[in-house]
Amino acid sequence: MANVPLRNGGPAARIAVIPGDGIGKEVTPEAVKVLKAVAAPTKRPCEFVEFDWSADKYLREGVTLPAGAVEMLRDEFDAILFGALGDPRVPSNQHAAEILLGLRFQLDLYVNIRPVELLHDRLTPLRDRTEKDIRLIVFRENTEGLYVGVGGFFKKGTPDEIAVQEDVNSRKGVERIIRYAFEYARQNNRKRVCMSDKSNAMTFAHDLWQRVFQEVRREYPEIECRHLYIDTLAMEIVRDPRQFDIIVTCNLFGDIISDLGAQLAGGLGLAPSGNIHPGRTSLFEPVHGSAPNIAGKGIANPFGSVLASAMMLEFLGWKPEADALRAAVRSAVRENYVTPDLGGDKRTAEVGDWLAQKAAQQVIHRS
Ligand code: NAD
Ligand code: IPM
Ligand code: MN
């Protein structure tokens, strides 16, 4: 699994927990259970504070991200463990935009790191692919692009309606995510970086991506560089995922390609992500959403949230504990102690209990 850079390496941590909606409320408590299980034997002081920011709260009180929340998280917490947001009762998705995108933007979490790692050969839908073939990381720009909400309607609701959504790309924003991808490659002994855009059609925004990529790559002569248009990347990743090591791309393309990648490694149920600003309070979450189609049934896969927690521990400098979480998930996959999305018959909480026990044993063994 990908290494995540440290925040402070300190011995204590304060973690804000935002379960959110749907299965976010089911998988997040399991991840906290596993985190507590690994923190206890090594006596790591670790405090969890839960926040109920969600569709329920929005519908009840009209509140999305409360006033002062960003400053509080920034100043009083080391990391945020996030579940998912999205609820059919809020078709505008306003609460999710204000809470999740609000945190990404206002905490300036410009790196969205989304590792795609096949944990067992049987999990991939690709024929004849094995664990060693699928081991890539998507670095998604996380603070700009089509997500910034610049745009508007003209003549809304009339036959002449116009809807505009601007794609915002700053020199600083493009450069820092590309540079981060290269720096990550250099520090983690990854050999190849592929930048993906749509510069053949998006001739202004992605011309900037092209120019910055050409410039930054010169500083990393030891790293093999490649460019692919995003449509070709989507095809190539399925045809032969072995080609890819590190992929860096814009906000929207990173969103799409990371779900595609997740499925190659067994599905959304086990894909983790980190929303990071190096050295500052950062946010960790599974790649999946609130999954209204299975919410409330107790069958959601908690692996994505637990693996996101492992990324969080690594960010906090707790490497043995992070490794223990990952080893526990690997064992559960190997022993087929899994939820229905992976072909098993276990329930979310059963898997959480199993992982907690296994991870605690691992961490005692390792430390
Ligand atoms: P989704 O990720 O919620 O679900 C897609 C499919 O994957 C569904 O069939 C679901 O059952 C399955 N799935 C996802 N996670 C799973 C898990 N842990 N275990 C087993 N199966 C799992 O995507 P969607 O249905 O497009 O979106 C539902 C809502 O979630 C929407 O409101 C969307 O905006 C929101 N969303 C939020 C986030 C987030 O908070 N980061 C991410 C993606 C989608
Ligand atoms: C994700 C989600 C979000 C995104 C949505 C909920 C706004 O799909 O985290 O991947 O597009 O970033
Ligand atoms: Mn997504």
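A brief look at the structure comes next.

## A closer look at the environment of Arg114
Working step 1: Tracing the backbone through its elements, the reader meets Arg114 in strand β4 (residues 111-117).
Working step 2: With relative accessibility at 3%, the residue Arg114 sits in the buried group.
Working step 3: When the C-alpha positions of Arg114 and Asp133 are compared, they lie 17 Å apart, and in sequence the two are 19 residues distant.
Working step 4: When near neighbours in sequence (up to four residues on either side) are disregarded, Arg114 contacts Arg104, Leu136, Ile137, Val138, Arg140, Gly254, Asp255, Ser258, Pro272, Ser273, Glu285 and Val287.
Working step 5: Reaching out from Arg114, the side chain makes a polar contact with the side chain of Asn112 at a distance of 3.2 Å.

## Some thoughts on the packing of aromatic side chains
Working step 1: Going through the model one piece at a time under the given rule, you end up with 9 aromatic pairs.
Working step 2: Between the aromatic rings of Phe182 and Tyr220, the centroid separation amounts to 5.0 Å while the plane-to-plane angle is 20°, which identifies the pairing as stacked. Here the residue Phe182 occupies a position in helix α5 (residues 171-187), and Tyr220 occupies one in the loop between α6 (205-217) and β9 (224-229), the gap between them amounting to 38 residues.
Working step 3: For Tyr220, a relative accessible area of 3% translates into the label buried.
Working step 4: Three or more aromatic residues link up through ring pairs in this structure, and these residues are Tyr110, Phe139, Tyr180 and Tyr184.
Working step 5: Across the ring face of Phe77, the terminal group of Arg14 is positioned such that the distance to the ring centre comes to 4.5 Å.
Working step 6: Over the face of the ring belonging to Tyr337 we find Lys346, whose NZ or CZ atom lies 5.0 Å from the ring centre.

## Observations concerning the pattern of salt bridges
Working step 1: Following the criterion strictly, the structure yields 35 salt bridges and no others.
Working step 2: A salt bridge links Lys198 to Asp231, with the shortest nitrogen-to-oxygen separation between them at 3.1 Å. Separated by 33 residues along the polypeptide, Lys198 in the loop between β8 (192-197) and α6 and Asp231 in helix α7 (residues 230-239) bring together distant segments of the chain.
Working step 3: Where salt bridges share partners, they join Arg171, Glu175, Arg179, Glu215 and Glu219 into one cluster.

## Things to note about the site of ligand 2
Working step 1: Taken together, Arg104, Arg114, Arg140, Tyr147 and Asp255 make up the full set of residues adjacent to ligand 2.
Working step 2: Here an oxygen atom of ligand 2 and a side-chain polar atom of Arg104 are 2.6 Å apart.
Working step 3: At 3.0 Å, a side-chain N or O of Arg114 approaches an oxygen atom of ligand 2.
Working step 4: The fraction of the free accessible surface of ligand 2 (320 Å²) that becomes covered by protein chains is 74%.
Working step 5: Here the residues of the shell around ligand 2 are counted per class, giving 1 nonpolar, no polar and 4 charged.

## Things to note about the site of ligand 1
Working step 1: Taken together, the neighbourhood of ligand 1 is formed by 21 residues, with Leu85, Gly289, Ala291, Asn293 and Asn301 sitting nearest.
Working step 2: Gly289 is positioned with one of its backbone polar atoms (N or O) 2.7 Å from an oxygen atom of ligand 1.
Working step 3: At a separation of 3.1 Å, an oxygen atom of ligand 1 approaches a polar backbone atom of Ser290.
Working step 4: Protein chains bury 67% of the 810 Å² of accessible surface belonging to ligand 1 in isolation.

## Section: the nonpolar core
Working step 1: Within the largest apolar cluster, 88 residues are counted, with the highest numbers of intra-cluster contacts made by Phe139, Ile178, Phe182, Phe303, Leu325 and Leu355.
Working step 2: Of the residues forming this core, the biggest block, 10 residues, is contributed by helix α9 (residues 303-316).
Working step 3: Dropping the residues within four chain positions of it, Phe139 is found in contact with Val111, Asn112, Ile113, Ile177, Tyr180, Ala181, Tyr184, Ile246, Ile247, Val248 and Thr249.
Working step 4: Counting residues in each nonpolar core, the second largest holds 20 residues, with Leu65, Val70, Ile80 and Leu109 among its members.

## Let's talk about α9
Working step 1: The end-to-end C-alpha distance of α9 is 20 Å, a good match for the 20 Å that 14 residues give at a rise of 1.5 Å each.
Working step 2: The buried fraction of α9 is high, at 14 of 14 residues.
Working step 3: Following α9 by one or two positions, Gly317 has its phi on the positive side, about 95°.

## Here's the deal with the pairing of β4
Working step 1: Among the 7 residues in β4, 7 count as buried, and that is most of the element.
Working step 2: Side chains of β4 alternate between two faces, with Val111, Ile113, Pro115 and Glu117 and Asn112, Arg114 and Val116 buried alike.
Working step 3: The pairing of β4 with strand β5 (residues 135-141) spans 7 bridges and is classified as antiparallel. Residue pairing across strands places Val116 opposite Leu136, the latter belonging to β5.
Working step 4: Relative to strand β11 (residues 272-276), β4 runs antiparallel, the two sharing 3 bridges. The residue of β11 that forms the bridge with Ile113 is Gly274.

Reading the values: the criteria
- Residues numbered from 1 in each chain as written.
- Chains lettered and ligands numbered in written order.
- Predicted model: local features only at pLDDT ≥ 70, side-chain atom pairs only at ≥ 80, totals over all residues.
- Heavy atoms only, no water.
- Helix = DSSP H or I, 4+ residues; strand = E, 2+ residues; numbered from the N terminus.
- Buried < 20%, exposed > 50% of the residue type's maximum accessible area, 1.4 Å probe, protein only.
- Contact = heavy atoms within 4.5 Å.
- Polar contact = N/O pair within 3.5 Å; in protein donor to acceptor, adjacent residues only side chain to side chain.
- Phe/Tyr/Trp six-rings, centres within 6.5 Å; stacked < 30°, edge-to-face > 60°.
- Lys NZ or Arg CZ within 6 Å of the ring centre and 35° of its normal.
- Salt bridge = Lys/Arg side-chain N within 4 Å of Asp/Glu carboxyl O.
- Near = heavy atom within 4 Å.
- Areas by Shrake-Rupley, 256 points an atom, 1.4 Å probe, with all protein chains shown as cover.
- Nonpolar A, V, L, I, M, F, W, Y, C, P; charged D, E, K, R; others polar.
- Core = buried A, V, L, I, M, F, W, Y, C linked by side-chain atoms within 4.5 Å.
- Expected span 1.5 Å × (residues − 1).
- Pairing = 2+ DSSP bridges.

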